[in-house]
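# Inside the fold
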Amino acid sequence: MERLVINGGNPLFGDVNINGAKNAAVAILPATILASKGVCHIDNVPNIEDINCLETILKYLGCKVEAGNNCISIDSSNIVTTNATIPEVRKMRASYYLQGALLSRFKKARVELPGGCPIGDRPIDQHIKGFEALGATVTIEHGAVSIEAEKLVGTTIYFDVVSVGATINIMLAATLAEGVTVLENVAKEPHVVDVANFLNTMGAKIKGAGTDVIKITGVEELCGCNYSVIPDQIEAGTFMVATAACGGEVNVTNVIPKHLESISAKLIEMGVEIVEHDDSVTVKSDKNLKGVNIKTLPYPGFPTDVQQPMSTLLTLAKGRSIVNESIYENRFKHVDELKRMGANVKIEGKIAIIDGVERLSGAHVKATDLRAGAALVIAGLAAKGTTEVEGVEHIDRGYLDIEKKFKALGADIKRVND
Ligand code: EPU
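All of these numbers come straight from a predicted model, not from anything done at the bench.

With respect to spatial proximity, 25 residues lie near the ligand, and among them Tyr96, Ser163, Asp305, Ile327 and Arg371 are the closest. In the environment of the ligand, an oxygen atom lies 3.3 Å from a nitrogen or oxygen atom belonging to the side chain of Arg122. Here the ligand, which alone exposes 830 Å², has 89% of that area covered by the protein. Elements with a minimum of two residues in the shell around the ligand: α1 (22-31), α5 (125-133), α6 (164-175), α10 (304-314) and α12 (370-382). Broken down by element, the residue count for the shell around the ligand peaks at 3 residues, all from α5. By residue class, the composition of the shell around the ligand is 11 nonpolar, 6 polar and 8 charged. When we break the shell around the ligand down by domain, the ones giving at least three residues each are domain 1 (2-18 + 231-417) and domain 2 (22-218).

For the structure on display, the rule yields 3 aromatic pairs. With 4.7 Å between their ring centres and 75 degrees between their planes, Tyr96 and Tyr97 make a pair best called edge-to-face. Grouping residues by exposure puts Tyr96 and Tyr97 together as buried.

Turning to the nonpolar core, a few remarks are in order. One finds Ile42, Leu61, Leu98, Phe198, Leu199 and Met202 to be the most contacted residues of the largest nonpolar core, which totals 80 residues. Residues in contact with Met202, not counting those within four places in the same chain, are Ala31, Leu34, Ala35, Cys40, Leu222, Cys223 and Cys225.

Turning next to the sheet that holds strand β21 (residues 320-324). Strand order in the open sheet formed by 4 strands is β20-β21-β23-β22, and the pairing between neighbours is mixed. Taken across any chain shown, the strands that pair with only one partner, and hence form the sheet edges, are β20 (294-295) and β22 (344-348). Summarising the sheet, β20 and β21 pair through 2 bridges and their orientation is parallel. Pairing of Lys295 across the sheet is with Asn324, part of β21. Sheet strands in contact with α10 are β20, β21 and β23 (351-355), and its direction is about 170 degrees off that of β21.

Moving on: the pattern of salt bridges. Counting across every chain of the model gives 19 salt bridges. Between Arg415 and Glu2 there is a salt bridge whose closest N-O contact spans 2.9 Å. Of this pair, Arg415 sits in strand β26 (residues 412-417) while Glu2 sits in strand β1 (residues 2-7), and the two are 413 residues apart along the sequence. Judged by its relative accessible area of 27%, Arg415 falls in the partly exposed class. Residues Lys405 and Glu235 are paired through a salt bridge, measuring 2.6 Å at the closest nitrogen-oxygen approach. On the criterion of sequence distance, the pair formed by Lys405 in helix α14 (residues 402-408) and Glu235 in helix α8 (residues 233-246) is long-range, its members being 170 residues apart.

In terms of domain boundaries, the protein chain breaks down into domain 1 (2-18 + 231-417) and domain 2 (22-218). With centres defined by C-alpha atoms, the gap from domain 1 to domain 2 works out at 30 Å. Counting residues at the interface gives 22 residues for domain 1 and 20 residues for domain 2. Of the roughly 1,800 Å² buried between domain 1 and domain 2 on both sides combined, carbon and sulfur atoms contribute 54%. In this assembly, domain 1 and domain 2 are joined by 1 salt bridge. Here Arg397 and Asp50 are joined by a salt bridge, their closest N and O atoms 2.9 Å apart.

Attention now moves to the packing of helix α4 (residues 97-106) against α6. Where α4 meets α6, the closest approach of the two axes is 7 Å, and the angle between their N-to-C directions is 10 degrees. Here α6 runs roughly parallel to α4, going by the angle between their axes. Touching Tyr97, Gln99, Gly100, Ala101, Leu103 and Ser104 of α4 are Val164, Gly165, Ile168, Asn169, Leu172, Ala173 and Thr175, all from α6. The class makeup of the residues in the contact of α4 with α6 is 7 nonpolar, 6 polar and no charged.

The omega angle of the peptide bond from Tyr299 to Pro300 is 10 degrees, so this bond is cis rather than trans. Here Pro300 is to be found in the loop between β20 and α10. Backbone geometry places Lys107, a non-glycine residue, at a positive phi of 65 degrees. Looking at the element boundaries, Lys107 is found in the loop between α4 and β8 (108-112). Using a relative accessible area of 21% as the deciding quantity, one classes Lys107 as partly exposed. Although it is not a glycine, Asn254 sits at a positive phi angle of roughly 60 degrees. Locating Asn254 in the fold gives a position in the loop between β17 (248-253) and α9 (261-270). The exposure class assigned to Asn254 is partly exposed, which follows from its relative accessible area of 26%.

Let's shift gears to the pairing of strand β6 (residues 72-75). Here β6 shows no split at all, with Ile72 and Ile74 on one side and Ser73 and Asp75 on the other all buried. Summarising the sheet, strand β4 (residues 39-43) and β6 pair through 4 bridges and their orientation is antiparallel. Within β6, the position partnered with Val39 by the bridge is Asp75. Two strands pair when backbone bridges link them, and strand β5 (residues 64-67) and β6 are joined in this way by 4 bridges, in the antiparallel orientation. Residue Lys64 lies in a different strand from β6, and its bridge partner there is Asp75. The hairpin turn running from β5 into β6, its antiparallel successor, is 4 residues long, and Asn70 in that turn takes a positive phi close to 65 degrees.

Here is what the cut-offs are and how they apply
Residues numbered from 1 in each chain as written. Predicted model: local features only at pLDDT ≥ 70, side-chain atom pairs only at ≥ 80, totals over all residues. Heavy atoms only, no water. Near = heavy atom within 4 Å. Polar contact = N/O pair within 3.5 Å; in protein donor to acceptor, adjacent residues only side chain to side chain. Areas by Shrake-Rupley, 256 points an atom, 1.4 Å probe, with all protein chains shown as cover. Helix = DSSP H or I, 4+ residues; strand = E, 2+ residues; numbered from the N terminus. Nonpolar A, V, L, I, M, F, W, Y, C, P; charged D, E, K, R; others polar. Domains from an automatic or database assignment. Phe/Tyr/Trp six-rings, centres within 6.5 Å; stacked < 30°, edge-to-face > 60°. Buried < 20%, exposed > 50% of the residue type's maximum accessible area, 1.4 Å probe, protein only. Core = buried A, V, L, I, M, F, W, Y, C linked by side-chain atoms within 4.5 Å. Contact = heavy atoms within 4.5 Å. Pairing = 2+ DSSP bridges. Axes fitted to C-alpha atoms, helices over the stretch in contact; angles between N-to-C directions. Salt bridge = Lys/Arg side-chain N within 4 Å of Asp/Glu carboxyl O. Buried area = accessible area lost by both parts, 1.4 Å probe. Parallel < 35°, antiparallel > 145°, perpendicular 65-115°, else oblique.

Next up, the structure:
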């Protein structure tokens, strides 16, 4: 069993380079299915487990996939099946993008229901509502979603909740539909914009990504293209929060500082120094931090994916902090583990009440989901003594070489396999 062993207490100094965005890349890879000719050459792809899973799935469908160092070439011209029913599909959340992509190009898809982190109820009713509005019939049987349409016809679709997945999935489905589709109350996350930019580079006609309304004019076909994935907002946020917790000075490079504004604003409110440059941010902390209140919200609000690392940081800040997790009802599973390390946190439903302590102490802890894993690594790095983090497979789904990156910044962290 793999685990991370951390001797905490070292400050962090130096540069850390941020990879391409996981949640953009896991949508862009399925989106390549839409290219009926030519090859998609995609750069800045993080070499994480979710990407390996998608490569396996795309090959199974008949795509030619060649992966290099942070780049991947995909030729989807000869897809042989629209049945995505191999176990890899169940291992990850983003496999739901196969539904929209296969439906768009072939007017039919059978895709196993997705997996992903157990952070609360994660329905796909808004995805289904969108497919049906475009003219498809959707049935769920034997653990898979079957979708079929004679043709897809553009219409206006209002989403009842702001959903990253539903926004991207219906954007994929509508790209090759007849006429104009208008999506209202959509997600505005940077990765939504990135996927729209990728589709437009392939020949789609999508306007308004990044605002509340996206307008898609259907086109006949899409072709391969060259594209580079945006930097990962959440990985960057994780390293910013870790620096704040451990103290030191870290230059977080290959980022888009605008995407980090909500995280920077909260860190500054806590007493952390942040300097923004063109494509990097410098984070400086003397660990003298004060508690703040946080509410997770769709972009440009504070991202739910940084809530768990941030709540670790707040356990070390002076005074009381209130964290309101408004997106998921079960995203505080790391808190019981933080309590083993001496944190003083009380959970009331979607609210965490955190009273800062002087220090955390190393303990044996277990990650139950991706960002919980990142939160526990940060706790271990900041704590006194040795922390062992189990459940590394969750962390590997979203972070590439997490221990190598922290080690290069001066942390005492290693991966142990026994
Ligand atoms: N929702 C519905 N119905 C739907 C879809 C969503 O009620 O049909 C609700 C969800 O239950 C949730 C809210 O809407 O309360 C937002 O969910 P969303 O659809 O935006 O989440 P997602 O697409 O399943 C993506 C990321 C998550 C990230 C969320 C929110 C991917 C593969 N996953 O999930 O990333 O937390 O958006 O930003 O893009 C992570 O990276 O650790 C992660 C969990």
